[in-house]
Amino acid sequence: MNSVLVLILEILYVITIVSVVIVAISENRNPIKTVSWVMVLIFLPFVGLIWYLTFGQDFTKKQIITKRMYSKLKKRPLDEIGTLEEFIYPKEHASLIRLLKNLDHTPVLGGNDIRFYTSCSEKFEQLLLDIENAQKHIHVEYYAFEGDKTGEKVRNALIKKSLEGVEVRVIYDSFGSRNTKKAFFEEFRKAGIEVEPFLKLVLPKITSRLNFRNHRKLVVIDGQIGYVGGMNIADRYVDGFSWGIWRDTHARIEGKGVQGLQSIFLIDWFFVSQTLITSRKYFPELSGFGNIVMQTVNSGPFREEKEIAHGILQAIYDAKKSIFIQTPYFIPPESLLEALQAAAIRGLDVRVMIPKKSDVKLVHLATLSFVKEALQAGIKIYLYEKGFLHSKMMVFDDSLTLIGSVNFDSRSFEHNFEVEAFIYDHDIAEKAIDIFVEDQRFSQIVSLREWIKRPTILRFFESLMRLFAPLL
């Protein structure tokens, strides 16, 4: 009797797997991604099915936002700053600027002053000072908002301002902040702060939401000061690990460019609260704080257009001299990898810096699988050795710098809600290059000859994880 039951269960499982494979194929996805899912379903019994049901289904059109609603939400907040002057395009980036404007209704905003932070403790010290000086409103949005010492400092500062009459709104990602107790966020609400989780993970919707996370890290204060970059709110960003520091990069923006961050926050606020905010008071008239021109671009799984990925691809095409990339995970889509290879082959100085040791071992193995072909094309690969490199920064020639939440991988480009600042300024690019070159002092440059001599078993496991790269 037991053998009959087992046989029936096996038959049902096979029928289920075949049905799911048919569904995966019929969705007309990227063929490489489809093949990856088919392999997972066939070679990882039960686990593969659970993985697909959790991460493989595309519910964005049904449960997140329609294209029509996204367009409405994107344009309405930007209409509030539409009366602001548009700034002259830097000639060498005219194509990129037009692309981003056409893809994402992204205005070019000037009059900015921008400062980079490579020390997490210094960034939080300045952030707390800016929160203390806030007069009207504070908008905070982080993938990870932990309830540790760093999180408590930020929370207490926000509560203090709320009790003083400043409007405070907080968005945190349900998955990224999963270790933070509910009581931590209840303290916000008790102080009159509006706080909402992004795509709250509750049954039965957990499988349709877990794969689509808000990976943004941004703050807007009084519509004048903004923060964007790679640092979340957690002790590990300040304290690092037992085996090394946490090396990250964040940017503080003061000026009209902050209003691009504001529009992104208010779009996300509509997602989480169903409250549409477009009041002019959140987009104040600002005098110039500097001469830096920028665009702020958001992307997410609710649109077929991958705005940030398209922008990076155009920047690679436009580059004439050099491309410097820092990223914790290097799992590029084929189009971006080929563009970088072509840039190196045509003589550009292309450098990619990744951590030698990572916080996610399987993803790191997939990352390392791309090193050989990058080296063969002439791309220079640096392995950061001082700790974990979490910086997400790119510099093109000596005039374009990208800083934001985007990792150079398929998950950031296709599944996550991300934000990226495209900064058109020679001085800022020079500072970004200086940061990269300083980090080279603590990095090992990879030799192709030595790389291919590594143990066969290690290279095999890297290649194995490469098969699942589109899913990581």
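Owing to the predicted nature of the structure, the values given are computational and were not obtained by experimental measurement.

Q: How should the confidence of the model for the protein be read in this particular structure?
A: Any residue range with low pLDDT should be treated as having predicted coordinates unsuitable for detailed reading. Overall, the prediction assigns the protein a mean pLDDT of 85, with 78% of residues at 70 or greater. Segment residues 59-63 is flagged for pLDDT under 50; beyond a separation of four residues in sequence, or across chains, it makes eleven contacts in the model. Ignoring residues within four places in sequence, the model shows residues 203-209, a span with pLDDT below 50, making nine contacts including any to other chains.

Q: Would you take a moment to explain the packing of aromatic side chains for this structure?
A: In this description, an aromatic ring pair is defined by two values, namely the gap between the centres and the angle between the planes. For the structure shown, the criterion picks out 23 aromatic pairs. Through a chain of ring-to-ring contacts, the aromatic side chains of Tyr237, Phe241, Trp243, Trp246, Tyr329 and Phe388 assemble into a single cluster. In this structure, arginine 454 packs its charged tip against the face of tryptophan 451, placed 3.6 Å from the ring centre. One Lys or Arg, arginine 466, reaches over the ring of phenylalanine 370 and ends 3.7 Å from the middle of that ring.

Q: Explain the pairing of strand 16 (residues 400-404) here, please?
A: Remember that side chains alternate between the two faces of the sheet whenever the strand is regular. Strand 16 sits mainly inside the fold: five of its five residues count as buried. Burial along strand 16 is two-sided: Leu400, Leu402 and Gly404 and Thr401 and Ile403, pointing in opposite directions, are all buried. Relative to strand 16, strand 15 (residues 393-396) runs antiparallel, the two sharing four bridges. Within strand 16, the position partnered with methionine 393 by the bridge is isoleucine 403. Pairing of strand 16 with strand 18 (residues 418-424) involves five bridges; the strand directions are antiparallel. For leucine 402, the partnering residue across the bridge sits in strand 18 and is phenylalanine 422.

Q: Honestly, the environment of alanine 251 in this entry has me stumped. Any pointers?
A: Structurally, alanine 251 is set in strand 8 (residues 250-254). For the pair alanine 251 and valine 228, spaced 23 residues apart in sequence, the C-alpha to C-alpha distance is 5.4 Å. Among residues more than four places away in sequence, those in contact with alanine 251 are Ile114, Arg115, Phe116, Gly226, Tyr227, Val228 and Ile403.

Rules and cut-offs
- Residues numbered from 1 in each chain as written.
- Predicted model: local features only at pLDDT ≥ 70, side-chain atom pairs only at ≥ 80, totals over all residues.
- Heavy atoms only, no water.
- pLDDT = per-residue confidence, 0-100.
- Contact = heavy atoms within 4.5 Å.
- Phe/Tyr/Trp six-rings, centres within 6.5 Å; stacked < 30°, edge-to-face > 60°.
- Lys NZ or Arg CZ within 6 Å of the ring centre and 35° of its normal.
- Buried < 20%, exposed > 50% of the residue type's maximum accessible area, 1.4 Å probe, protein only.
- Helix = DSSP H or I, 4+ residues; strand = E, 2+ residues; numbered from the N terminus.
- Pairing = 2+ DSSP bridges.

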